[in-house]
Amino acid sequence: MRVTSKTKRRVNKIQFILGLLSQFNLNRTQSSMNWRSERIWIELIMGSRKRSNFCWAFILFLGSLGFLLVGMSSYLGRNLISLFPSQQIIFFPQGIVMSFYGIAGLFISSYLWCTIFWNIGSGYDLFDRKEGIVCIFRWGFPGKNRRILLRFLIKDIQSIRIELKKGIYTRPVLYLEIRGQGPIPVTRTDENFTPGEMEEKAAELAYFLRVPMEVF
């Protein structure tokens, strides 16, 4: 795609500001993270810094640490945790199993804390009808994919598509059908949208972009 240098500078400034804002959206509701005018639609995406992730990471850390201390107590023969006397737990096999669960849980907890610290999955969606540009930005893990940026022309959007991802819970996912690139997701599968809310959002976005909406 070709854009003028003036347009590129304007979009780059907006992207810089939105990239900073997307890192500090912990206590904002979904509605407060959106901004819309006649020609611009901006939506900040909440990443891993959710209260539920903080709670799970904290609970998992404490539980895993408890399992590991109990396993170490059975090996050392000393009560590192007063609630579980080491004499009642034999190191083989109970102590080994509890130590394994403790170490595995600490690894998972560390992963969760890293995703929270780096705010994985956060970012923004920018739809600029004035310049005819769409920008989708997400923060990833450190490395070459730390900044994930997709940029394309609005005229290349063929439709807005809703697809139901089936599993334990059926989740609606919103896609942009891009000419030559296929569908690009703009919502995460773990976002708590009901099918009705997602359909309403898709209808508003389709009306804003002047493209058809499809439901699968």
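Above this text you will find the structure in question.
Remember, it's a predicted structure, so these values are computed and weren't measured experimentally.

Calculation notes
Residues numbered from 1 in each chain as written. Predicted model: local features only at pLDDT ≥ 70, side-chain atom pairs only at ≥ 80, totals over all residues. Heavy atoms only, no water. Helix = DSSP H or I, 4+ residues; strand = E, 2+ residues; numbered from the N terminus. Expected span 1.5 Å × (residues − 1). Buried < 20%, exposed > 50% of the residue type's maximum accessible area, 1.4 Å probe, protein only. Contact = heavy atoms within 4.5 Å. Pairing = 2+ DSSP bridges. Axes fitted to C-alpha atoms, helices over the stretch in contact; angles between N-to-C directions. Polar contact = N/O pair within 3.5 Å; in protein donor to acceptor, adjacent residues only side chain to side chain. Salt bridge = Lys/Arg side-chain N within 4 Å of Asp/Glu carboxyl O.

Draft legend 1. Local environment of helix 2 (residues 51-76). Over its 26 residues, helix 2 extends 37 Å from the first C-alpha to the last, a length consistent with the 38 Å expected when each residue adds 1.5 Å. The complete set of buried residues in helix 2 reads Ala57, Ser64, Leu68, Val70, Gly71, Ser73 and Ser74. In this structure, the buried residues of helix 2 make contact with helix 3 (91-118). Trailing helix 2 by a residue or two, Gly77 shows a phi angle of about 75°, which is positive.

Draft legend 2. Seen up close, the sheet that holds strand 3 (residues 123-128). If you walk across this open sheet you meet the 5 strands as 1-2-3-4-5, and the pairing is antiparallel. Edge strands, defined here as strands with exactly one partner in the open sheet, are strand 1 (34-36) and strand 5 (147-153). On average, each strand axis in the sheet is inclined to that of its neighbour by 5°, with strand direction left out of account. Set on the sheet, helix 4 (residues 195-209) makes contact with strand 1, strand 2 (40-45) and strand 3; between it and strand 2 the angle comes to about 145°.

Draft legend 3. A look at the side chain of Arg138. Tracing the chain through its elements places Arg138 in strand 4 (residues 133-139). Within polar-contact distance, the side chain of Arg138 engages the side chain of Asp125 at 3.0 Å.

Draft legend 4. Quick look at the sheet that holds strand 6 (residues 157-165). The 4 strands are arranged 8-7-6-9 in an open sheet whose pairing can be described as mixed. One side of each edge strand has no neighbouring strand; the edge strands of this open sheet are strand 8 (182-185) and strand 9 (213-215). Across the sheet, the axes of successive neighbouring strands diverge by a mean angle of 30°, strand direction being ignored. Where strand 6 lies against strand 9, 3 bridges are found, and the strand directions are parallel. Its bridge partner being in strand 9, Arg161 is matched across the sheet by Glu214. Sheet strands touched by helix 4: strand 6, strand 7 (171-178) and strand 9. Its angle to strand 6, the strand with the most contacts, is close to 175°.

Draft legend 5. Examining the pattern of salt bridges more closely. Taken as a whole and judged by the stated rule, the model has 6 salt bridges. Between Lys201 and Glu43 there is a salt bridge, with its nearest N and O atoms 2.8 Å apart. With Lys201 in helix 4 and Glu43 in strand 2, this pair connects stretches of sequence that are 158 residues apart. Classification of Glu43 as buried rests on a relative accessible area of 3%. With a shortest N-O distance of 3.0 Å, Asp125 and Arg138 are connected by a salt bridge.

Without other data, these values stay purely geometric and don't point to any function.
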